[in-house]
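# Coordinate analysis (summary)
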Amino acid sequence: MKLAILILYFAVLIGIGLYCRKHTTDVNGFVLGGRSVGPWLTAFAYGTSYFSAVVFVGYAGQFGWKYGIAATWAGIGNALIGSLLAWVVLGRRTRIMTQHLDSATMPQFFGERFNSRALKVAASVIIFIFLIPYTASLYNGLSRLFGMAFDIDYSVCIIIMAVLTAIYVIAGGYMATAINDFIQGIIMLVGIVAVIAAVLMSKGGFMAFSLNGLAQISDPEVSKAPGIFASFFGPDPLGLLFVVILTSLGTWGLPQMVQKFYAIKDESSIKTGTIISTIFAMIVAGGSYFLGGFGRLFSDQIDVEANGFDSIIPTMLSGLPSVLIALVVILVLSASMSTLSSLVIASSSTLTIDFIKDNFVKNMSEKKQVLLIRVLIVVFIAISSVLALIQYKSSVTFIAQLMGVSWGALAGSFLAPFMYSLYVKWVTKASCFVCFIFSSVLMIANIFCRESFPVIMQSPINCGAIAMLAGLVIVPVVSLFTPKPDKAMVDSTFACYDKENTVSQKTALGK
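The following paragraphs examine the structure supplied in this document. Sequence order as written defines residue numbering, which begins from 1 separately in each chain. It should be noted that, the model being predicted, local features are given only for residues of pLDDT at least 70 and side-chain atom pairs only at 80 or more, the latter also being counted only at that level, while totals for whole chains, interfaces and linings use all residues. Hydrogens are left out, water is left out, and the side-chain values use all remaining heavy atoms of the structure.

### Looking at the pattern of salt bridges
Criterion for a salt bridge: a side-chain nitrogen of Lys or Arg within 4 Å of a carboxyl oxygen of Asp or Glu. With the rule as written, the count across this model stands at two salt bridges. Linking K425 and D491 is a salt bridge whose minimum nitrogen-to-oxygen distance equals 3.0 Å. In this pair, K425 is assigned in the loop between α17 (399-423) and α18 (429-448) and D491 in helix α20 (residues 487-494), connecting sequence segments 66 residues apart. Exposure remark for D491: the relative accessible area of 28% places this residue in the partly exposed category. Notably, a salt bridge pairs D491 with K487, separated by 2.7 Å at the nearest N-O pair. Here D491 and its partner K487 are both found in helix α20, four residues apart, which amounts to about one turn of the helix. Taking relative accessible area as the criterion, K487 reaches 61% and is therefore assigned exposed. Strands are runs of DSSP state E lasting at least 2 residues, helices are runs of H or I lasting at least 4, and numbering of each runs from the N terminus. A simple rule labels every residue: compare its accessible area, found with a 1.4 Å probe on the protein chains alone, to the largest value its type can have, and call it buried under 20%, exposed over 50%, or partly exposed in between.

Here's what the structure looks like:
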């Protein structure tokens, strides 16, 4: 039964990829779906790229164990800051300016916005390097659930996921990814609600046993306060705040997330997409962290020291009926494959458009660009798969740490330069370079010299959150003391907001 459902699911994904081949004749069609993607597809593409096995298995398990029911705040932050505010603050302006500058990727945006090839190349290198560990973390979380449900070897899980994602992304590009994301999003919504209900009922219901049982659990190493894991802010409010910042504010600077705004069709799509995306995040992220908050109720079955935090959620689900386990596997597979597809499109298009084209291959035709993007999708998936296998056998075993390094470097580098560049004219090229270097070096140092960091920054989660916040200060301060951008160039760029439809475009996109 479980295998039959899985095979049917795979067949649908591949079928959609082949169906969408007609949208992949040029770069704009392959990477952005022709900038004509409607609100439901865009909102679900945003949400499913946001949440993957990293959240459901890694973060929900680790932070639910550390903070108890208070971990739900991370899910609420993801919905309100990572989705609602991201759409409100970035959505419309990103769509307008990126179309005006004819940019399909974040590095291309920086290159055109600041008239700097060096800035474009630097951004593309950062994206390629730091998206790989994030991709590796997707495989790790998925493998644990596959192993639980089907007793399949880890390497086989990686190959299945990699091959299937490669087929439908290479065939159908962004449009295939968006349609599949919609289907995968529906599965995620239904699955998370069903799983939460089943797990809580297995422990006697929410109030009858689960919350009361959680209140009776104590851990002297975490806190001496009674009932701390059922409290409003948990045993470590500051640590929880860093988690909320990293996982919520981080989306504002992640290329695979921001790129969704490039493809929005029209004004109504932004308004509708904002609402859909926020509701989706509240259910999926809020539900995942809420479920993880009850992990300590299963402490008699979980050996965190031996198996790591990533084993918590699979253990909680192992006692469910086989139909629900199949649903969970497809849920996490859906989340992971949708995120993986976004990552490989972002990375391969960035390398092609921003790094190889013009720098190494002059006058590259549209057809050759699309072909190279497809080739690099295979390369990127292969590299991340190998890294996932190496990572699995090494000491870096926690999904959350891998994601913390990746998100910290990417969002720390891009969040502030990108957001400020959409709103103000005084941002300088030098301030962007300083922000890029600061965040990248900080996160690399955190990997290799972690013990030398202050205690609060030894965690990649905290360090990544600090990198993001630091960028918000670095860009305006450095801009004050570095050469100002060319006024004519900046005025020309910002003129896009004043183009008249019925009202100015910063108020409404029009059609």
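### Some remarks on the nonpolar core
F56 and F110 are the most contacted members of the largest nonpolar core, which totals 171 residues. Of all the elements, helix α8 (residues 154-202) adds the most residues to this core, at 21 residues. Throughout this description, the term nonpolar core refers to a set of buried Ala, Val, Leu, Ile, Met, Phe, Trp, Tyr and Cys residues connected via side-chain atoms within 4.5 Å.

### Here's the deal with the packing of aromatic side chains
A pair of aromatic rings is counted whenever rings of Phe, Tyr or Trp (Trp by its six-membered ring) have centres within 6.5 Å, and the orientation is called stacked for planes under 30 degrees apart, edge-to-face for over 60 and tilted otherwise. Tallied over the entire structure, the rule returns 24 aromatic pairs. With 6.2 Å between their ring centres and 85 degrees between their planes, Y46 and Y50 make a pair best called edge-to-face. With a gap of four residues between them, Y46 and Y50 both fall in helix α3 (residues 39-50), about one helical turn apart. Considered together, Y46 and Y50 belong to a single accessibility category, that of buried residues. Judged by centre distance (5.2 Å) and plane angle (85 degrees), the rings of W73 and F232 are edge-to-face. Of this pair, W73 sits in helix α5 (residues 72-100) while F232 sits in the loop between α9 (206-215) and α10 (237-249), and the two are 159 residues apart along the sequence. Residue W73 is classed as partly exposed on the basis of its relative accessible area of 30%. Aromatic rings pair up to connect Y46, Y50, F51, W87, F261 and W407 into one cluster. Charge-over-ring contacts are defined here by two conditions on Lys NZ or Arg CZ: a distance within 6 Å of the ring centre and an angle within 35 degrees of the ring normal. Taking the ring centre of Y497 as reference, the NZ or CZ of R93 above it sits at 4.4 Å. The ring of F114 has R113 sitting right over it, with the charged end atom 4.8 Å from the ring centre.

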